Amino acid sequence: AQGRSAPTHLPTIGPLNGRARVYLRGLGHHLDPVIQVGNGGISEAVLAETDRALEHHELIKLKFGKGAEGDSSSLTATLAARAGAEVVQVIGRVGLIFRQNTVVAKRKIAIPKGRAKPS
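Now for a look at the structure at hand. (Residues numbered from 1 in each chain as written. Predicted model: local features only at pLDDT ≥ 70, side-chain atom pairs only at ≥ 80, totals over all residues. Heavy atoms only, no water.)

Given a rise of 1.5 Å per residue, 14 residues ought to cover 20 Å, and the 20 Å separating the end C-alpha atoms of helix H2 (residues 44–57) matches this to within 8%. Within the sequence span of H2, burial applies to Val46, Leu47, Ala48, Thr50, Asp51, Ala53 and Leu54. Contacts made by the buried residues of H2 are with strand E1 (33–37), strand E2 (59–64), helix H3 (72–83) and strand E4 (94–98). Just downstream of H2, Glu58 is the residue with a positive phi angle, here 75°. (Helix = DSSP H or I, 4+ residues; strand = E, 2+ residues; numbered from the N terminus. Expected span 1.5 Å × (residues − 1). Buried < 20%, exposed > 50% of the residue type's maximum accessible area, 1.4 Å probe, protein only. Contact = heavy atoms within 4.5 Å.)

Ordered in space as E1-E2-E4-E3, the 4 strands form an open sheet in which the pairing is mixed. Two strands lie at the open edges of the sheet, namely E1 and strand E3 (86–91), each paired on one side alone. Averaged over neighbouring strand pairs, the angle between their axes works out to 25° when direction is ignored. The pairing of E2 with E4 spans 5 bridges and is antiparallel. (Pairing = 2+ DSSP bridges. Axes fitted to C-alpha atoms, helices over the stretch in contact; angles between N-to-C directions.)

Here is the structure:
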């Protein structure tokens, strides 16, 4: 809906465990960045677009331009927190965040449960 502000109290799946992070990093490897943050930083427009992208894709890549104020890790953490998402990975000026869709029928990514099998 137009004019909708970004959610601040979405239910989460809880902190991602190591197995889930590895799985999501694998899925995110071939993704192109859908959100680019430049000189304007994390504006309401960037936050709203991030919310829409997470609603549609669940897992998105962020790219931070050289003019973005702050380091990529803190910018990714801030944007993820404000969007109700989890940080999966940050490498260089690229971040990967995940937010599971609250509508079960619309979920696109199934997070593996449990721990890795013992050797």
